[in-house]
Structure formats: structure tokens, C-alpha cells
Amino acid sequence: MKNKLFNNATGEIILGSQYPYIVENLILGAKESISVMLFYISYNPKIKKSKVNNLVNLLIKAKQKGLKVKVILDKDKEGEVYNSRTINLPTVNLLKKNKIEVHFDNVETATHSKIVVIDNNTVVIGSHNWTLGSFFFFFDTSIKINSVELGKYYSNYIDSQIKSYKKTQPV
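Rules and cut-offs
Residues numbered from 1 in each chain as written. Predicted model: local features only at pLDDT ≥ 70, side-chain atom pairs only at ≥ 80, totals over all residues. Heavy atoms only, no water. Helix = DSSP H or I, 4+ residues; strand = E, 2+ residues; numbered from the N terminus. Expected span 1.5 Å × (residues − 1). Bend = angle between axes of the 7 residues up to and from the residue. Buried < 20%, exposed > 50% of the residue type's maximum accessible area, 1.4 Å probe, protein only. Contact = heavy atoms within 4.5 Å. Pairing = 2+ DSSP bridges. Axes fitted to C-alpha atoms, helices over the stretch in contact; angles between N-to-C directions.

> Could you clarify how one ought to interpret helix H3 (residues 84-97) in this entry?
In an α-helix, one turn spans 3.6 residues, which is why side chains three or four residues apart end up on the same side. Compared with the 20 Å implied by 1.5 Å per residue over 14 residues, the 20 Å span of H3 between its first and last C-alpha is a close match. The sharpest bend along H3 comes to roughly 30 degrees, located at Pro-90. Of the residues making up H3, those classed as buried are Ser-84, Asn-88, Thr-91, Val-92, Leu-94 and Leu-95. Residues of H3 that are buried make contact with helix H2 (51-64), strand E3 (68-73) and strand E4 (101-104). Just downstream of H3 lies Lys-99, where phi reads positive at about 60 degrees.

> What exactly am I supposed to notice about the sheet that holds E4 here?
Through backbone hydrogen bonds, the strands of a sheet pair up, either in parallel or in antiparallel fashion. Read across the sheet, seven strands follow the order E1-E7-E6-E5-E2-E3-E4 without closing on themselves; strand pairing throughout is mixed. Edge positions in the open sheet fall to strand E1 (10-15) and E4, since each of these has one partner strand only. For this sheet, the mean angle separating the axes of adjacent strands, direction not counted, is 10 degrees. Sheet analysis places E3 next to E4, joined by four bridges and oriented parallel. Within E4, the residue paired with Ile-72 across the bridge is His-103. Helix H1 (residues 18-29) rests against E1, strand E2 (33-38), strand E5 (114-118), strand E6 (122-126) and strand E7 (141-146) of the sheet, and its axis sits at about 135 degrees to E1.

Nothing here speaks to function; it is geometry throughout.
This is the structure:
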């Protein structure tokens, strides 16, 4: 995408621990669709009050309300240092169990993106993974952008990635 200004776009910087609260509210306010593309989601059912688990559970509730929910997560090669395949597997299994369209990327690809798109008109993009470290211990920064043009761009991008993964792996 070429650099250009987006007409009528507004934005908000999201620092550190603000992220899960802002994204929670966006998910709760979603009317049609939620698309997520992240490197890590560290869902852990053993942690009862977890902001990560809460976000994942909100995706499930959104799907149960009839919203379209799509998720792409990284899956590295066996033995890779980042261990994304192991970290993301509990999330993938839970989302599949709840009939959410979820995909691992191809192992040759590193999906380092951190993108959330709500209703094709609000994009959260930056450095936040859905991990407790990202929320509370690292100085991650993201931005929330309200822009139909940008929302459609990232929705289309996520859809194109899903389409390419469907050719090489089952849902």
C-alpha cells in the first residue's frame, strides 16, 4: 500500500496495559466481523483471571452472537526458538472447538503481524501480541485507527492470507 492520508481517519495511541481494555471494548461493540492476525496468543486455561483469556473468550462470544470471526496465528518450524506452534496451539484448539475460522500460517512464513480489524472500519495495529508480557511487562505500543479505507485494506489482506493457507492446509 502506498503511503497516503486516509480521508476522515482518526486515531488513538495505545500504550502497554491500555491495550486489552481498548480491544475488549472494540470486540464487545463489534456488529458484524472481527479479524485477528497475530504472532502469539498465549491462552492458558489454568489462569482464571487473564486478560489474554478474556480476549479469546470474547471472540468466542462474538461468534456465538453470529459475528464473523477469523484468526491467523504464527506456526514456526519444529524446534524454532520462538516456539509459536506450541504457544498458539491451545488457542487454535479452543477456537476450532468453538467453530471459529482459525488458521496457522505456513511454517515457511513468519507472521509477525499484530492486527485486529473490527467491522472493516477500525484497525488496531502495532507491537502488542495477546500475551501477559505484551500487556503488562513490555513497553508495547499500538494505534487504533478508525478508517473504512484502512479497515477494508486489512480485512482484504487477512482474507487473502487465509485463502492462500486454505490451499496448503486444512481449516
